[in-house]
Number of protein chains: 4
Amino acid sequence: MNGWAIFLSPYHQAVEELKVKFKSLRDQYQRSSKHTPIEFVTGRVKPMTSIQEKAKRKNIALESLHTEMQDIAGLRIVCQFVTDIDTIVDMLRSRNDITVMSERDYIKEKKSSGYRSYHMVIDYPVHTIEGTRHVLAEIQIRTMAMNFWATIEHSLNYKYSGEIPEHVKRRLVRAAEAAYNLDEEMSKIQDEVREAQSIITKRREENKGTYK
Amino acid sequence: MNGWAIFLSPYHQAVEELKVKFKSLRDQYQRSSKHTPIEFVTGRVKPMTSIQEKAKRKNIALESLHTEMQDIAGLRIVCQFVTDIDTIVDMLRSRNDITVMSERDYIKEKKSSGYRSYHMVIDYPVHTIEGTRHVLAEIQIRTMAMNFWATIEHSLNYKYSGEIPEHVKRRLVRAAEAAYNLDEEMSKIQDEVREAQSIITKRREENKGTYK
Amino acid sequence: MNGWAIFLSPYHQAVEELKVKFKSLRDQYQRSSKHTPIEFVTGRVKPMTSIQEKAKRKNIALESLHTEMQDIAGLRIVCQFVTDIDTIVDMLRSRNDITVMSERDYIKEKKSSGYRSYHMVIDYPVHTIEGTRHVLAEIQIRTMAMNFWATIEHSLNYKYSGEIPEHVKRRLVRAAEAAYNLDEEMSKIQDEVREAQSIITKRREENKGTYK
Amino acid sequence: MNGWAIFLSPYHQAVEELKVKFKSLRDQYQRSSKHTPIEFVTGRVKPMTSIQEKAKRKNIALESLHTEMQDIAGLRIVCQFVTDIDTIVDMLRSRNDITVMSERDYIKEKKSSGYRSYHMVIDYPVHTIEGTRHVLAEIQIRTMAMNFWATIEHSLNYKYSGEIPEHVKRRLVRAAEAAYNLDEEMSKIQDEVREAQSIITKRREENKGTYK
């Protein structure tokens, strides 16, 4: 196994373990009669070339990657409603298997691009065949509409190497507004929906069968 | 194994096999330098109690379930853009491991509730320990915004047993409009995005690491 | 995507689909009150370097790989008892989603090394984003004891590049005899076990929970 | 969710998390140039009816289940060689995300039935939507031959409700001897194999493709 594979191995392990842990929470909510604040959970390890590019751009030495680059391991928790995000944040802060290192609220302070999301950097210990290793992971918490928009913006940023032309930027801002409006409309029917979902969950107890 | 478990077993198998087949297509698109029309694929078998309720409501005899109830096995293919839906439909029509039995286009002819989606009913043969069995499956093809809205409407319909009050219906129609606007804005930046994504995919060839 | 990735893609798809199909059979047996002839199912695509080495050794042109090299896609079905192997072979012959191209019975005609296993080469069609592709796949059917031994022999063969020293060969033959004896002892308690397992399965119907 | 589902939920979570953690170790060994002491990992939660039967038989009150019944959550780690078992035991003892509560060595002190296996009971904390919960889990560590035999004995014990007839018992003891002999023969070629496997792993670094 070459150097990069050895370096990235604990990050892969952290992502796998945290995905299982966060998906367990979602399943527990779904089986309870409570509203489920977690719609789905994804995770990834940053590809080697992206790490190298970012290290160069941010002037990070390879020996400092494990402390200076905080999103090598990335988890994403996607919610139905904006208010679900607070629920998730509180829950993550109260766990003792992770340590919250820092937080950024890009929902209250939206970026000028239109980007909205809640970011947390955590420290997570993994047990490897060489002993315990601490890795940093970034958790992004957002609604489905925020996620849809962010996926598109990420593609465009990548295409134009961060220099998106003005006419495309304006389109993106308009799309961000449409995503924001969808979140707003959803908030308004939220209480109806929450009550509805807890009824469904109760009826579903004996019989399984949701899309998954 | 009781009667229901025996009855549902080939439906579970069909859903598992079709999920693998459709996810393979998504992976092939992602590895090619083409735009990927498939964002994600889900599947479910309708729960027994829902089958019983629907059979009663639609007056379907239990002996006719396998021909009269077409959504016991359900697959859902979710796309980024509205135009991706046509690509998927064409692709499904051209396969010879499934037989398309009927199609309904609820995008061109939106339901009064605001529901939009493309539906296909297919015949799919599964090989069981008792021999070959033909099952019907319903495939729903929709964008992420259509999917988000439909999930909410489904919950509310369930809560009010199909009788959603007028003030909630109006809210839902407004949310459907917000979802439609998001799709419209997305269409406008689609060509930019498509080109962007094919560039990303090419760069990603040597190094893996998307959220999944 | 480079040439090898494109070439191997339909093989990966075939392996994924066949794993799901064969595992479905195992699950159906486990839920029925019958003895389950399938203990577990595994699959792999031959690594590129192994394909290249074998092509060189067997003098196969790269253009003929898809017809001349029959084990690029490999499936393995592992059974509890020797007699289960016949059950699997009959079942595979009767399916119409695969075409059996050839068979070799290394159980009746054990190799001099001690190797025992049943081999089938099949033709299997996969539906790709470029249309239908036919791929060859090799299915190996064996007991757990045969599988244990074969894993070890494979490692040793690899180590010595096919030239295992005499003293190691003798050890391997003795281990093959121990594996054969275990299969023999197991056959003798087989009828007891079969009856026992069908009783367990019945009791387990209402409550799930086997190691898996 | 009824009472049993609520009670068993943290056990399911513990099994899922520990499976991911132990499988990570196996993957790390496979990617290193070391011999891999873990062949495969399985897990299960004891079915409700088995818990009830055992509680009755052992006279355990339902309120004491979480402390008195130690195998509601069960993990199994299966090894190639007998000496691998010690490696696993040492590794488990050194982790600080689990607490070893007790150990039983049924390899040094084989049961009269022929049963061989190493058992550990651990305490493992899970983070649920209700807060942290400590659950007990039993880890069984054994070779493939021990595992094969134990699976059969378990089926027979179940069939005869623990009262296996004398002639079947004698057969089982003979099969246990055959399994023991297979382990002995394997030990003798172990060093050859270990060296062989580390060579394979190194060659495999650039190109993936083992049966899995």
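Higher on the page you've got the structure.
Structure report, in brief. Keep in mind the model is a prediction, meaning the values are calculated, not measured. (Residues numbered from 1 in each chain as written. Chains lettered and ligands numbered in written order. Predicted model: local features only at pLDDT ≥ 70, side-chain atom pairs only at ≥ 80, totals over all residues. Heavy atoms only, no water.)

1. Focus: the interface of chain D and chain A
So, point 1. Each partner contributes residues to the interface: chain D has 25 residues there, and chain A has 25 residues.
So, point 2. Taken together, both faces of the contact between chain D and chain A bury some 2200 Å²; the carbon and sulfur share is 54%.
So, point 3. When residues of the side of chain D that touches chain A are traced back to their parent elements, those giving at least two are α1 (3-31) and β4 (118-128) of chain D.
So, point 4. Here the element with the most residues in the side of chain D that touches chain A is α1(D); it accounts for 11 residues. (Contact = heavy atoms within 4.5 Å. Buried area = accessible area lost by both parts, 1.4 Å probe. Helix = DSSP H or I, 4+ residues; strand = E, 2+ residues; numbered from the N terminus.)

2. Points about unusual backbone geometry
So, point 1. One non-glycine residue, Asn59(B), lies in the positive phi region at around 60°.
So, point 2. Mapped onto the elements, Asn59(B) comes out in the loop between α2 (48-58) and α3 (65-68).

3. Observations concerning the packing of helix α6 (residues 166-188) of chain A against helix α6 (residues 166-188) of chain B
So, point 1. At a minimum axis distance of 9 Å, the contact between α6(A) and α6(B) shows a crossing angle of 165°. With respect to α6(B), the element α6(A) is oriented roughly antiparallel. The handedness of the crossing between α6(A) and α6(B) is left-handed. On α6(B), the residues touching Arg171(A), Arg174(A), Ala175(A), Ala178(A), Ala179(A), Asn181(A), Leu182(A), Glu185(A), Met186(A) and Lys188(A) of α6(A) are Arg171(B), Arg174(B), Ala175(B), Ala178(B), Ala179(B), Asn181(B), Leu182(B), Glu185(B), Met186(B) and Lys188(B).
So, point 2. For the contact of α6(A) with α6(B), the class distribution of residues is 10 nonpolar, two polar and eight charged. (Axes fitted to C-alpha atoms, helices over the stretch in contact; angles between N-to-C directions. Parallel < 35°, antiparallel > 145°, perpendicular 65-115°, else oblique. Left-handed = near helix turned anticlockwise from the far one by under 90°. Nonpolar A, V, L, I, M, F, W, Y, C, P; charged D, E, K, R; others polar.)

4. Describing the sheet that holds strand β4 (residues 118-128) of chain B
All names here are of chain B.
So, point 1. Taken together, the five strands give an open sheet; going across it, the order is β1-β2-β5-β4-β3, and neighbouring strands pair in mixed fashion. In this open sheet, the two edge strands, each paired with only one partner strand, are β1 (40-45) and β3 (99-105). Within the sheet, the average angular offset between the axes of one strand and its neighbour, ignoring direction, is 25°.
So, point 2. Pairing of β1 with strand β2 (residues 73-79) involves six bridges; the strand directions are antiparallel. (Pairing = 2+ DSSP bridges.)

5. Overview of helix α4 (residues 84-94) of chain C
So, point 1. Of all the positions in α4(C), only Asp84(C), Ile85(C), Ile88(C), Val89(C), Met91(C) and Leu92(C) are classed as buried. With its buried residues spanning 165° around the axis, α4(C) presents them on a single face. (Buried < 20%, exposed > 50% of the residue type's maximum accessible area, 1.4 Å probe, protein only. Arc of directions from axis to C-beta.)

6. Regarding the packing of aromatic side chains
So, point 1. One pass over the structure, following the stated rule, counts 12 aromatic pairs over all chains.
So, point 2. Summarising the aromatic geometry, the rings of Trp4(C) and Phe7(C) are spaced 5.8 Å apart at their centres and angled 90° between planes, so their arrangement reads as edge-to-face. Of the two residues, Trp4(C) and Phe7(C) both sit in helix α1 (residues 3-31), three residues apart, roughly one turn of that helix.
So, point 3. These aromatic residues form a ring-pair network of at least three members: Trp4(A), Phe7(A) and Tyr11(A).
So, point 4. A cation over an aromatic ring shows up here: Lys110(B) above the ring of Tyr180(B), its NZ or CZ 6.0 Å from the ring centre.
So, point 5. Sitting above the plane of the Tyr106(D) ring, Lys111(D) keeps its charged end 4.8 Å from the centroid. (Phe/Tyr/Trp six-rings, centres within 6.5 Å; stacked < 30°, edge-to-face > 60°. Lys NZ or Arg CZ within 6 Å of the ring centre and 35° of its normal.)

7. Concerning the sheet that holds strand β4 (residues 118-128) of chain A
Residue and element names in this part refer to chain A.
So, point 1. Pairing is mixed in the open sheet, where five strands are placed in the order β1-β2-β5-β4-β3. Every other strand in the sheet has two partners, leaving β1 (40-45) and β3 (99-105) as the edge strands with one partner each. Across the sheet, the mean angle from the axis of one strand to that of its neighbour is 25°, orientation sign disregarded.
So, point 2. Note that β4 and strand β5 (residues 131-143) share 11 bridges and pair antiparallel. The residue of β5 that forms the bridge with His127 is Thr132.
So, point 3. Most of the contacts of helix α5 (residues 144-159) go to β5, to which it runs at about 105°, and overall it touches β1, β2 (73-79) and β5.

8. Considerations on a positive patch on the surface
So, point 1. The grouping of Arg57(A), Lys58(A), Arg104(A) and Lys111(A) at the surface amounts to a positive patch.
So, point 2. Position of Lys58(A) among the secondary structure elements: in helix α2 (residues 48-58). (Patch = residues over 30% accessible without salt bridge, like charges linked within 9 Å, V, L, I, M, F, W, Y side chains within 5 Å. Areas by Shrake-Rupley, 256 points an atom, 1.4 Å probe, with all protein chains shown as cover. Salt bridge = Lys/Arg side-chain N within 4 Å of Asp/Glu carboxyl O. Lys, Arg positive; Asp, Glu negative; His and termini not counted. Charge placed at Lys NZ, Arg CZ, Asp CG, Glu CD.)

9. Things to note about the environment of Phe7(B)
So, point 1. When the C-alpha atoms of Phe7(B) and Asp97(B) are compared, they prove to be 22 Å apart, with 90 residues separating the residues in sequence.
So, point 2. Apart from the residues within four sequence positions on either side, Phe7(B) is in contact with Leu65(B), His66(B) and Ile72(B).

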